[in-house]
Structure formats: structure tokens, C-alpha cells
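# Structural description and commentary
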Amino acid sequence: MAELQQEFQKQFGKPPELTVRAPGRVNLIGEHTDYNEGFVFPAAIDRVMNIAASPVDGKTVTVYSLDYRQKDSFSLDAIEKSQYGWANYLRGVLKIMRDAGHKVTAFNAVISGDVPQGAGLSSSAAYEVAVARLVSTMGSIGLSGKNIALLSQRAENQFVGVQCGIMDQFISALAERDSALLIDCRNLEYRAVKLNLEARGVSIVITNSGVQRGLVDSEYNARRNECAEGVRLLGELSGHPIHSLRDVSLSDLDEFSTQLPEVVARRCHHVVSENHRVLAAVEKLEQGHLRSLGKLMNESHASLRDDYQVSTPEVDLLVNLTQNHPGTLGARMTGAGFGGCTVAIMETTTVDEFVKNVLPLYEKQTGRKPEVYVCTAVDGASVN
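Just so it is clear, the structure is predicted and the values come from calculations on it, not from any experiment.

Conventions and cut-offs
Sequence positions are assigned chain by chain, starting from 1 and proceeding in written order. For a predicted model such as this one, the threshold for reporting local features is a pLDDT of at least 70, and the threshold for listing and counting side-chain atom pairs is 80 or more; totals across whole chains, interfaces and linings nevertheless cover every residue. Values shown for side chains rest on all heavy atoms present in the structure; no hydrogens or waters enter the calculation. Each helix is a run of H or I in the DSSP string that is no shorter than four residues. Each strand is a run of E no shorter than two, and both are numbered from the N terminus. Only C-alpha atoms enter the radius of gyration; for comparison, a globular chain is expected to reach 2.2 Å times N to the power 0.38, where N is the number of residues. When a residue's accessible area, from a 1.4 Å probe over protein chains only, is under 20% of the maximum for its type it is buried; when over 50% it is exposed; and in between it is partly exposed. Two residues qualify as a contact provided that any one of their heavy atoms is within 4.5 Å of a heavy atom in the partner residue. Counted charges follow a simple rule, with Lys and Arg positive, Asp and Glu negative, and His plus the chain ends left uncounted. Just so you know, the charge point we use is NZ for Lys, CZ for Arg, CG for Asp and CD for Glu. Expected helix span is computed as 1.5 Å times (number of residues minus one). Whenever a helix is involved, its axis is fitted only over the stretch in contact; in every case the axis is a line through C-alpha atoms, and angles between N-to-C directions fall within 0 to 180 degrees. To sort the angles, those under 35 degrees are grouped as roughly parallel, those over 145 as roughly antiparallel, those from 65 to 115 as roughly perpendicular, and the leftovers as oblique. The handedness criterion is simple: a crossing whose near helix is rotated anticlockwise from the far helix by less than a right angle is left-handed, and one whose near helix is rotated clockwise is right-handed. Note that Gly is not counted as nonpolar here; it falls among the polar residues with everything else outside the nonpolar set of Ala, Val, Leu, Ile, Met, Phe, Trp, Tyr, Cys and Pro and the charged set of Asp, Glu, Lys and Arg. Following DSSP output, two strands are said to pair if at least two bridges run between them. Counted as a polar contact is a pair of N or O atoms within 3.5 Å, where, for protein atoms, one must be capable of donating a hydrogen and the other of accepting one, and residues adjacent in sequence contribute only when both atoms are in side chains. Both site types are read off a 1 Å grid over the protein atoms alone. A 1.4 Å probe that fits but cannot get out defines a cavity, while an open set with protein on both sides within 12 Å along at least five of seven lines defines a pocket; lining residues have an atom within 4 Å of a point. Grid points are joined across faces, edges and corners, and a volume is the space filled by probe spheres set on the points. Nonpolar core, defined: a set of buried Ala, Val, Leu, Ile, Met, Phe, Trp, Tyr and Cys residues in which side-chain atoms within 4.5 Å join the residues together.

## A word on the overall build of the protein
Across its full length, the protein holds twelve helices and twelve strands. In terms of overall size, the protein behaves like a compact globule, its C-alpha atoms giving a radius of gyration of 21 Å where 384 residues would be expected to give roughly 21 Å. For the protein, the spread of C-alpha atoms along the principal axes amounts to about 65 × 55 × 40 Å. By the burial criterion, 58% of the 384 residues in the protein qualify as buried. For the protein, restricting intrachain contacts to residue pairs at least 6 apart in sequence, the fraction spanning at least 24 positions comes to 71%. One way to put it: in the protein the 38 positive side-chain charges average out to a point 4 Å from where the 46 negative ones average out.

Structural data, given as C-alpha cells:
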């Protein structure tokens, strides 16, 4: 943050009037359920996007990226796609907020973050939420965390062009310290569930596989279409309307799965079973049964690998090595897939041993150097 403020002084000749932070996230369990109106269980992590800013007169927004060493400038009256990919998230939020009738003030800003990009930890959502929180504060709009999340998601869907669900922006805006949120993606009801990580002697250990996520957009949209086809066919087979896979039980699916195309049946099985795993995981966590939570995380990965088919050989290897580490309670891929990160619940006293002994095996077998982030669960977006 100090570097960010110094850069603002350098770029704009005076200190910033306010700073905003918004965290990235890791999803402990509940993958690819959000756009199927299901349940997710993410936590915000202590890797954040920071913005230092000051309002200015007129209509021109000027933003400098400390990470890319690039400057973007545009008029609020003509918000179009930028030549810089990083700038489109900010432009998109401002356009969506203006289109929604909110007062958007022009400003100067410097941005920087330490959420790893392309790793499935929602650097883009953290960025969008930080921008929305900044604009809401500068314009005295007073947006709720939920509305900030919805506007940020709309920016990514409609301006950036990625059809993400609501989870990433929601947890970045509304997270609570040392907690994960059980989010119902149908009605956006949520509740914080205490993790008590330190008291339980465990840590959230995220490992970046070093595989840059590829095929995400095309395969993500393909999975959405396959789920939608499952909803349509199951509605026809059952004789009653089904709005989403949230409405399907495992027994319903067992009854009709042989009448579905094999790929569609697999996709549906993952989503329906994953919803069950999320609710069971929260119950086990609240009962203090961490090993049962870990077992559900392991089962989640197998389902993502086999039924939803969004893993990669490298990620599967990393998960397998992590699961076999004596201090690991459970591990799985996290994020949309096709690369990115794994997440594990691990006994804190064994993390150093994991880094020392396990990760070199992965590097030796893949030629990729993994990065480890030992994370705490933090609060959502805030203004300083």
C-alpha cells in the first residue's frame, strides 16, 4: 500500500484521498454449482487488489497500473473497450454503474494487487469489487455489499464477456474474517461459518500448479450448455418443470440418468452430488469433524476430474501428492479448472514439510515450479 501511495504521488502530484482493498478468494468446496443455482462455500484470502484514488472534476478517468506499468485514460461519456486488457474490468464496472443510474465521479487512480492472475483465485472479481466499492464511496451512493457484487458480476458478463456466476464477486464483497460463506446462489441468502483455523491447528494451503488456465471460456460455456440441456431433458423425462439442477435430487438423477446422453448425465451428476457435498461439508465443519470435511473435498476433486472433466494431468498429480501428505485432511482443485490452483486443509505443523518434500516431487515430474500460498480468511472489501 505504501508503494501504491508513493506511485500515486509520482503520477498525479499529490497524495490519494482514499484507498480501497478487495480480496481474492478460494472456494473450499462447491465448484461449478453457482451458475446452476446451487450452493458454494468460499472464503476470502489475504491476497488483495488495492486502489489508491482521488476524485477529480470533469469526466476523465485516469488509471495507472503499477503491475503492468501502463496508464489508461477515458471519458465517462464514452466508455468502450480498452487496448489494455486489465483496464476493461474497471471500465466495465463504471459503465454498468452508469447504465444502472448511479452517480459515477471521475477520478485518478493507481491500482496494484497480489492476487495471482490466471490461477483461479478471482483476481478479476477482486478488481471489480474494489472499483465498485471505490465509486460507491466517492459518489456517496451507499451500495450494499450484495449490490456491489451483482454490479461487478454484470460488468464481467456484459462488458468483459465472461459468463461467470456470482460467487467470486459475492465473497470478495461480503466475506467475514476467519469464516467461509455458505451461499445459496438461487436467492443469494448466505451465512458465515466460523473456520477457527488457528484454534484447530490447520491452515488453508493453496498451491499454484504453474499451469496457466486454458480453454476456460469455451469449456466453461460448454459446461453451462450441457447443464442446461440436462435441465431440459430431465424436465421432459420427469413430466414436471425443472428450473435448474438445484431442483434435482440424486434419486431423481439415478432414475433418469440412463436416458440422458452420457456426457450430460456426467455433468448433472457432478452438480447434484456437489450440492450435497457442500451442505454436508458445512455440517461436518460445524460439528468439528475436520477429517470428514477433508474426505468430502477429496470426493469433490474426483467428481470434477471424472464427471465434470475440468482438471488436468498436472493438477491431478498435485492433488494426489497433496492428499498423500500425512498432514493433509483433504485437497482438491479449485476454480473453473484447466489449470490453476489446488486447495488443501492441512495441519499447520506439517506445511513446511509439505513444501520441502512434496513440491519437489511435483516439479520433478512436471517440470513446473509450484507456488504455495498459506492463507488466512479475511474480511471483504473495505475503504481506508
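## A closer look at the environment of V160
For V160, the location among the structural elements is in helix α4 (residues 145-160). When the C-alpha positions of V160 and R91 are compared, they lie 9.1 Å apart, and in sequence the two are 69 residues distant. Setting aside residues up to four positions removed in sequence, V160 forms contacts with K81, N88, Y89 and A155.

## Focus: helix α11 (residues 313-324)
The end-to-end C-alpha separation of α11 is 16 Å, in line with the 16 Å expected for twelve residues at 1.5 Å each. Of the residues making up α11, those classed as buried are V315, L317, L318, V319, L321 and T322. Contacts made by the buried residues of α11 are with β8 (202-208), α10 (290-306), β9 (328-334), β10 (341-347) and α12 (351-366).

## A short note on the packing of helix α3 (residues 123-138) against α4
Closest axis-to-axis distance for the α3/α4 pair is 9 Å, and the angle between their directions is 125°. Classified by the interaxial angle, the pair formed by α3 and α4 is oblique. When you trace α3 past α4, the crossing you get is right-handed. Packed against α3, whose contacting residues are S124, A125, E128, V129, A132 and R133, the element α4 presents I148, S152 and E156 at the interface. The class makeup of the residues in the contact of α3 with α4 is four nonpolar, two polar and three charged.

## Quick word on the environment of V131
Mapped onto the elements of the fold, V131 is located in helix α3. In this structure the C-alpha to C-alpha distance between V131 and N147, which are 16 residues apart in sequence, comes to 13 Å. In contact with V131, not counting residues within four places along its chain, are I51, L90, V93 and L94.

## What about the environment of F12?
Along the polypeptide, F12 turns up in helix α1 (residues 2-12). Linking F12 and L28, residues 16 residues apart in sequence, is a C-alpha distance of 41 Å. Those residues in contact with F12 that sit more than four places away from it in its chain are T62, N108, A109 and V110.

## Details of the pairing of β9
A regular strand places its side chains on the two faces of the sheet in alternate fashion. Taking burial as the measure, the seven residues of β9 include seven buried ones, the bulk of the element. Relative to β10, β9 runs antiparallel, the two sharing six bridges. In the sheet register, G330 faces β10, and the bridge partner there is I345. Taking the residues between adjacent antiparallel strands as the criterion, β9 and β10 are bridged by six residues, where G335 takes a positive phi near 95°.

## Focus on the side chain of S244
Considering the arrangement of structural elements, one finds S244 in the loop between α7 (216-238) and α8 (250-256). Among the polar contacts listed, one links the side chain of S244 to the backbone oxygen of N36, at a separation of 3.4 Å. Here the side chain of S244 touches E37 through a polar contact of 3.1 Å, side chain to side chain. Leave out the neighbours within four places in its chain, and S244 touches N36, E37, R186 and V231.

## Here we look at empty space enclosed by the protein
Scanning the model with the defined rule gives one cavity of 30 Å³ or more in all. Roughly 50 Å³ of volume is contained in the largest cavity. Lining of the largest cavity is provided by L28, L195, L197, R200, V202, L285, L290, L293 and I345. Looking at side-chain class alone, the lining of the largest cavity contains eight nonpolar, no polar and one charged residues.

## Overview of the nonpolar core
Formed by 53 residues in total, the largest nonpolar core has its most connected members in V61, L90, L94 and F107. At nine residues, the largest contribution of residues to this core is made by α3. Beyond its immediate sequence surroundings of up to four residues, L90 is in contact with V61, V63, F74, F107, Y127 and V131. With 30 residues, the next largest nonpolar core counts F39, I45, L195 and L197 among its residues.

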